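Here are the chains, one letter per residue:
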Amino acid sequence: MTSPTKFNPAEAIALLTCTPATLDALLRGLPTLWAHSNEGKDTWSAFDIIGHLVAGERTDWMPRLRILLENGETRPFDPFDRFAQSRESQGKSLEQLLDEFARLRKENLTALQALNLQPQDLARRGKHPALGTVTLSQLLATWAVHDLTHLHQLSRVMAHQYRDAVGPWSAYLGVLQCAGHSAP
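Now for a quick tour of the structure. Each residue is numbered by its place in its chain's sequence as written, counting from 1. Given that the model is predicted, a residue must reach a pLDDT of at least 70 before its local features are reported, and side-chain atom pairs must reach 80 or more before they are shown or counted; all residues, however, enter totals for whole chains, interfaces and linings. Only hydrogens and water are set aside; all other atoms, that is, all heavy atoms of the structure, feed into the side-chain values.

## Here we look at unusual backbone geometry
Negative phi characterises most residues that are not glycine, and trans characterises most peptide bonds. For D42, which is not a glycine, the phi torsion comes out positive at approximately 60°. Here a strand is any run of E in DSSP of at least two residues, a helix any run of H or I of at least four, and the numbering for each starts at the N terminus. Among the structural elements, D42 can be located in the loop between α2 (32-36) and α3 (46-59). A simple rule labels every residue: compare its accessible area, found with a 1.4 Å probe on the protein chains alone, to the largest value its type can have, and call it buried under 20%, exposed over 50%, or partly exposed in between. Under the relative-accessibility criterion, D42 is labelled exposed at 62%.

Structure, rendered in structure tokens:
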């Protein structure tokens, strides 16, 4: 068994840089079934997931990083509205959301790199409204793993659309056995 990797900002940024192109390659131009179907009541579609990622780029990662750098633990992060996409995505196409996500992510990563964070900055502490004290490195690591969580969720949601169509092969398809690890 391998041990977890120590956080490395450059590696996290590499992963964060790839996410928009990964999502674009998977989703752009697909029929409505793939973009707007979900797993049932109170679950998200691919459209919802991309809308959520857009909202996070606007109001979560970099704003929280700035609050941490400017205020430390004296000011908690603003709460994140995990359902903002239901309002903010109205009237938009999946392609528009993919473009918006790519643009916002590029801007955020440019701003992050411009901060020229040093190793001692990664230990700086901030205050999450529900979790309490967190470090800058934990915030950045969470940003990267959040992307992976939603890529996992996206593959699970899309596979769900063919869960009956695969017949007995479902026994061999782990994505169809996954109960999910990310609530909407």
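Moving on, there is more to tell.
## Thoughts on a nonpolar patch on the surface
Candidates for patches are residues over 30% relative accessible area with no salt bridge; among them, like charges are joined within 9 Å and nonpolar side chains (Val, Leu, Ile, Met, Phe, Trp, Tyr) within 5 Å. The protein chains shown are the only cover counted for residues, whose accessible areas, like all others here, come from Shrake-Rupley with a 1.4 Å probe. Counted as salt bridges are all cases of a side-chain nitrogen of Lys or Arg within 4 Å of a carboxyl oxygen of Asp or Glu. There is a patch of nonpolar side chains on the surface, built from W169, Y172, L173 and V175 and spanning about 470 Å² of accessible area. With respect to the helices, strands and loops of the structure, L173 is situated in the loop between α7 (136-160) and α8 (174-177). A relative accessible area of 33% places L173 in the partly exposed class.

## Quick word on the packing of α3 against α7
A fitted line through C-alpha atoms represents every axis, and for helices the fit uses only the stretch in contact; the resulting angles, taken between N-to-C directions, go from 0 to 180 degrees. Taken N-terminus to C-terminus, the directions of α3 and α7 make an angle of 170°; their axes are 10 Å apart at the nearest point. One element, α3, and the other, α7, form an angle in the roughly antiparallel class. Within the contact between the two elements, α3 uses A46, I49, H52, L53 and E57 and α7 uses W143, H146, D147, H150, Q153, L154 and V157. Under the scheme applied, nonpolar residues are Ala, Val, Leu, Ile, Met, Phe, Trp, Tyr, Cys and Pro; charged residues are Asp, Glu, Lys and Arg; polar residues are all the others, including Gly. Here the residues of the contact of α3 with α7 are counted per class, giving six nonpolar, four polar and two charged. If an angle is under 35 degrees, it is roughly parallel; if it is over 145, roughly antiparallel; if it lies from 65 to 115, roughly perpendicular; otherwise it is oblique. Two residues form a contact once any of their heavy atoms are found within 4.5 Å.

## Re helix α4 (residues 61-71)
Residues spaced three or four apart along an α-helix point in a common direction, a consequence of the helix completing one turn every 3.6 residues. When α4 is considered as a whole, its buried residues turn out to be W61, M62, R64, L65, I67, L68 and L69. Among the structural elements, α3, α6 (94-114), β1 (125-128), β2 (132-135) and α7 are those in contact with the buried residues of α4. A positive phi of about 60° marks G72, the residue just after α4.

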